[in-house]
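In case you want the letters, here they are:
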Amino acid sequence: MAQPVKPSTTTAFYIQAVISFAISLAALAAGILYLPVTAWVRSFLAIGLMYMVTSTFTLAKCVRDRQEESSVVSRVDQARIDKLLAEHDPFRAD
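Everything numeric in this text was worked out from a predicted model, so none of it was measured.

A. Examining the overall build of the protein more closely. Scanning the protein from terminus to terminus reveals two helices and zero strands. Looking at the 94 residues of the protein, the share that counts as buried comes to 3%. Carbon and sulfur atoms provide 69% of the accessible area of the protein, an area that totals close to 8800 Å².

B. Region of the structure containing the pattern of salt bridges. Applying the stated criterion across every chain, the model contains two salt bridges. Residue Arg64 pairs with Asp65 through a salt bridge whose shortest N-O separation is 3.2 Å. According to the relative accessible area criterion, Arg64 is partly exposed, its value standing at 44%. One connected set of salt bridges, linked through shared partners, spans Lys61, Arg64 and Asp65.

C. How the structure looks around the packing of aromatic side chains. Going through the model one piece at a time under the given rule, you end up with one aromatic pair. Judged by centre distance (5.4 Å) and plane angle (70°), the rings of Phe21 and Phe57 are edge-to-face. Of this pair, Phe21 sits in helix H1 (residues 11-33) while Phe57 sits in helix H2 (residues 39-87), and the two are 36 residues apart along the sequence.

Reading the values: the criteria
- Residues numbered from 1 in each chain as written.
- Predicted model: local features only at pLDDT ≥ 70, side-chain atom pairs only at ≥ 80, totals over all residues.
- Heavy atoms only, no water.
- Helix = DSSP H or I, 4+ residues; strand = E, 2+ residues; numbered from the N terminus.
- Buried < 20%, exposed > 50% of the residue type's maximum accessible area, 1.4 Å probe, protein only.
- Areas by Shrake-Rupley, 256 points an atom, 1.4 Å probe, with all protein chains shown as cover.
- Salt bridge = Lys/Arg side-chain N within 4 Å of Asp/Glu carboxyl O.
- Phe/Tyr/Trp six-rings, centres within 6.5 Å; stacked < 30°, edge-to-face > 60°.

Quick look at the structure:
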């Protein structure tokens, strides 16, 4: 059986994603910092920003885990099928 090609993330794409995340986080933090409002409003927005970032990481991890779980189940099913096909003898009379 041919092995499926495993998709991989290039280093350039990974660096671009990290830089993009850092720039967006810094820009939003600077926007909250220089917003002409009271400290209470600024603090509330900063906590909202932290909550959004942690929720994003959690969601990304859950999506990745679910995708990895489905690929493991798929590989187990494929291994079972391969074993059945290898053991099957069409000329054997039962």
